[in-house]
Amino acid sequence: MRCLLVEDYTPLRLNLAECLTENGYVVDASATGDEGLWFAKNHAYDVILLDIMLPGIDGLTILKKLRELQDKTPVLVISARDSVDHRVEGLDCGADDYLVKPFALAEMVARVRALVRRNYDRESSVIEVGDLCMNATTRKVSRAGEEIVLTRREYALLEYLMHRAGQAVSRTDIWEHVYEDQEGGSSNTVDVYIGYLRKKLNAGPGAELIQTVRGYGYMLKEEEA
């Protein structure tokens, strides 16, 4: 999953970015409203975390501009403005959720997960494709009841594919959402990690779930009877 974090207070921005990265997100972090708006307009994100009081364009203006452009990316407002009126204003401007500072990192991550679920029309944090099961809360993966231990990158790749099960996903989209922050990599990195993931998912007797879409990318798909 790829997220945009727009927060001007450097210690908090670094702390939040580190937390999100540890939880498997590729993070673009910005300290100003103008740069944050540019990122939001020029990249596709699964979720945006947006402060209100920013240098340059304020967060609410960014939010209004994105909604005017029909950008439906889920937005979590993170702000020290804690009155009911402030929260109502943020939600009325198009925010999907509003989190008042200071807040616990665990709560922020849980709210981000909830927004991602909502974005992909999922009611539960448990995702299933055939006999493959992922619990986004515990970050545990199993197949046919047998737990599969994945690295952070492998988990992020599988999560991206499972949210789009049955859809062909390009190598470029996977690279941008899962691996773009990896130094020295390229879209070929996607093929390498697909290989790692296939090996682990196919360790048992189950059928191949990750299908190659020639000349394009990959698809996670339950075997047809």
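What you see as residue numbers is a count from 1 along each chain, following the sequence as written. In keeping with the model being predicted, local features are shown solely for residues with a pLDDT of at least 70 and side-chain atom pairs are shown and tallied solely at 80 or more, while totals for entire chains, interfaces and linings include all residues. With hydrogens and water excluded, all non-hydrogen atoms of the structure serve as input to the side-chain values.

Student: Tell me about the side chain of histidine 163, and please be specific about residues and values.
Tutor: Here histidine 163 is to be found in helix 6 (residues 152-163). Here, residues are in contact when the closest pair of their heavy atoms is within 4.5 Å. With near-sequence residues (within four places) excluded, histidine 163 lies in contact with Met1, Val116, Tyr120, Arg122 and Ile127. Every helix listed is a DSSP run of H or I at least four residues long, and every strand listed is a run of E at least two residues long, numbered separately from the N terminus.

Student: Could you give me a rundown of helix 5 (residues 105-119), with the residues and numbers involved?
Tutor: By this rule, a helix spans an expected 1.5 Å times one less than how many residues it contains. Between its first and last C-alpha, helix 5 extends 21 Å over 15 residues, near the 21 Å set by a 1.5 Å rise per residue. Each residue is placed in one exposure class: buried if its accessible area under a 1.4 Å probe, protein chains only, is under 20% of its type's maximum, exposed if it is over 50%, and partly exposed if it falls in between. What helix 5 keeps buried is the set Met108, Val109, Val112, Arg113, Leu115 and Val116. Down the axis of helix 5, the buried set is contained in an arc of 160°. They therefore lie on one face. Residues of helix 5 that are buried sit in contact with helix 1 (10-22), strand 3 (47-50), strand 4 (75-79), strand 5 (97-100) and helix 6. The first or second residue beyond helix 5 is aspartate 121, which carries a positive phi of 55°. Working note: the arc is built from the helix axis to C-beta atom directions.

Student: Break down the pairing of strand 5 for me, with residues and values.
Tutor: Any two strands with at least two DSSP-identified bridges between them are counted as paired. Summarising the sheet, strand 4 and strand 5 pair through four bridges and their orientation is parallel. Looking across to strand 5, one finds that serine 79 is bridged to valine 100. The crossover handedness rule: strands pointing away from the viewer, path from first strand over the helix to second strand clockwise, crossover right-handed. Read as a crossover between parallel neighbours, the route from strand 4 over helix 4 (residues 84-92) to strand 5 is right-handed.

Student: Break down unusual backbone geometry for me, with residues and values.
Tutor: Cis rather than trans, the peptide bond between lysine 101 and proline 102 has omega equal to -10°. Within the fold, proline 102 resides in the loop between strand 5 and helix 5. For alanine 144, which is not glycine, the phi torsion reads 55° and is therefore positive. By the secondary structure assignment, alanine 144 is in the loop between strand 8 (140-143) and strand 9 (146-148).

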